[in-house]
Amino acid sequence: MHADAFIETLFLIFAGAALIATVALYLRQALPVAYIVLGMIIGPWGLALATDAAVVDGMAEIGIIFLLFLLGLNLEPRELLRMLREAVAVTAVTCLAFAAAGTGIGLLFGLDWLQAVLVGLAVMFSSTIIGLKLLPTSTLHHQRMGEIIIAVLLLQDIIAIALILFIQGFAGSADPLFDVAVLLISAPLLFLLSFGIARYALMPLMRRFDRIQEYIFLLTIGWCLAIAYIGHLLGLSYEIAAFLAGVSIATNPVSRFIAETLKPLRDFFLIIFFVALGAGFDMGMLPQVALPAAVLAAAMLLLKPLVFGWVLSRHRERPKVAREIGLRLGQVSEFSLLVAVVGLQSGLMTEEASYIIQAATVFTFMVSSYWIVMRVPTPVATSDALRKD
């Protein structure tokens, strides 16, 4: 991509985002929804102003990498293991319920059993981006809520990655079960490797030069991207590897400073993520899949808050906290988009099933983001009473 085209793409994204965000704030609308709409307008299926999808998607993925890295910075390994143990039952029950509902809707609209099951599996996850980007962390109440949400989403992400590898295995691997097993082994190995390097190499360097903020910033970004790349080589996603990189240095006091320093950089790339999400949706397929996608999206938007709220209440969470967690997890995931794309590319999923998932995901992103911003505290709330960072 030429430099002029790259700058033009950034101009379209951020000048457009500034303009549409201004309009959204005056209209008291949710900013993530505005960014998705902008992507639809400037993307290849709209006005075709930003046509290099690979570059936009690449920058968007960096935003997710930094988001997961920052989450890891706030979780010590011992606390993380405790959270995961508590979240196993919640994640298992809710995923089964949502997968069954999605499969039933697929069958209702004439999909065969395989396609319906794939649709059900794809929509059982909730969005890491929506769940965490819109979660304030400034009060104890939301810190506890954040622990639960992070644990559930992390387990869901691991399941989603295993599902994606399994689907890919049908297209290019002789033993997809073996590939999934390698994934489950490589994650602990990567964590042990990163923890060892962080303790005996990275932390001494940070203590030695802790007064030079520019160096700490540079070392942190290099660490995050290096572990993300190593994880990718081992078969993990960049995002999960970046999360492990953050956890590996979470015990160091400098992690709090790093988390605050990287927030603007994270937000820069997350704006690109939401724009890329809107730009990547093929509007030409919408008439064909509109009805099943709308029913599927509506079902998830209704079921997820109710099921999460009920299950968490049964696990002795306070009813108010359980209901709010359900609301914050009441959408389909960006991993669902990956499942849809990989399933279509592998030949395991039909075009109709893939675009039903994609349309439902985008719709739930828009409705859920709007509902969260309008009803509960978020860093981007349009109401002063609800705006908390």
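Here the structure is a predicted model, which is why all the values come from computation and not from measurement. (Residues numbered from 1 in each chain as written. Predicted model: local features only at pLDDT ≥ 70, side-chain atom pairs only at ≥ 80, totals over all residues. Heavy atoms only, no water.)

1. Quick notes on a positive patch on the surface
Residues R318, K320, R323 and K388 make up a contiguous surface patch of positive charge. Looking at where R323 falls in the secondary structure, it is placed in helix 13 (residues 319-328). (Patch = residues over 30% accessible without salt bridge, like charges linked within 9 Å, V, L, I, M, F, W, Y side chains within 5 Å. Areas by Shrake-Rupley, 256 points an atom, 1.4 Å probe, with all protein chains shown as cover. Salt bridge = Lys/Arg side-chain N within 4 Å of Asp/Glu carboxyl O. Lys, Arg positive; Asp, Glu negative; His and termini not counted. Charge placed at Lys NZ, Arg CZ, Asp CG, Glu CD. Helix = DSSP H or I, 4+ residues; strand = E, 2+ residues; numbered from the N terminus.)

2. Some words on the packing of helix 9 (residues 213-233) against helix 10 (residues 238-248)
The contact between helix 9 and helix 10 brings their axes to 7 Å, and the two run at 130 degrees. Taken together, the axes of helix 9 and helix 10 lie oblique to each other. Judged by the twist between their axes, the crossing of helix 9 over helix 10 is right-handed. In this structure, helix 9 contributes W223, C224, I227, A228, Y229, G231 and H232 to the contact, and helix 10 contributes Y238, A241, A242, A245 and S248. Tallied by class, the residues present in the contact of helix 9 with helix 10 amount to nine nonpolar, three polar and no charged. (Axes fitted to C-alpha atoms, helices over the stretch in contact; angles between N-to-C directions. Parallel < 35°, antiparallel > 145°, perpendicular 65-115°, else oblique. Left-handed = near helix turned anticlockwise from the far one by under 90°. Contact = heavy atoms within 4.5 Å. Nonpolar A, V, L, I, M, F, W, Y, C, P; charged D, E, K, R; others polar.)

3. Some remarks on the pattern of salt bridges
Considering all chains together, one arrives at one salt bridge under this definition. Between E324 and R328 there is a salt bridge; the shortest N-O distance is 2.9 Å. In this pair, E324 and R328 are both assigned in helix 13, four residues apart and thus about one turn of the helix distant. Across this residue pair, the class does not change: E324 and R328 are buried. (Buried < 20%, exposed > 50% of the residue type's maximum accessible area, 1.4 Å probe, protein only.)

4. Details of the side chain of T364
Mapped onto the fold, T364 is located in helix 15 (residues 351-375). Classification of T364 as buried rests on a relative accessible area of 0%. Separated by 3.1 Å, the side chain of T364 and the backbone nitrogen of V332 make a polar contact. Beyond its immediate sequence surroundings of up to four residues, T364 is in contact with A297, L301, Q331, V332 and S369. (Polar contact = N/O pair within 3.5 Å; in protein donor to acceptor, adjacent residues only side chain to side chain.)

5. Some words on a nonpolar patch on the surface
A grouping of L19, V23, Y26 and L27 is seen on the molecular surface, where their side chains present a nonpolar patch of about 490 Å² in accessible area. Take L27: it is sitting in the loop between helix 1 (3-26) and helix 2 (31-42).

6. Overview of helix 10
Think of an α-helix as turning once every 3.6 residues; residues three or four places apart then point the same way. Burial analysis of helix 10 places ten of its eleven residues in the buried class, the great majority of the element. All of the buried residues along helix 10 are E239, I240, A241, A242, F243, L244, A245, G246, V247 and S248.

7. Some points on the environment of L71
Mapped onto the elements, L71 comes out in helix 3 (residues 53-73). When the C-alpha positions of L71 and V247 are compared, they lie 8.0 Å apart, and in sequence the two are 176 residues distant. Filtering out sequence-adjacent residues up to four positions away, L71 remains in contact with L132, I150 and F243.

8. Here we look at the side chain of T94
Within the secondary structure, T94 sits in helix 4 (residues 77-108). Within the structure, T94 has its side chain in polar contact with the backbone oxygen of T91 (distance 3.2 Å). Once you skip the residues sitting within four places of it in the chain, T94 turns out to touch V307, F308 and V311.

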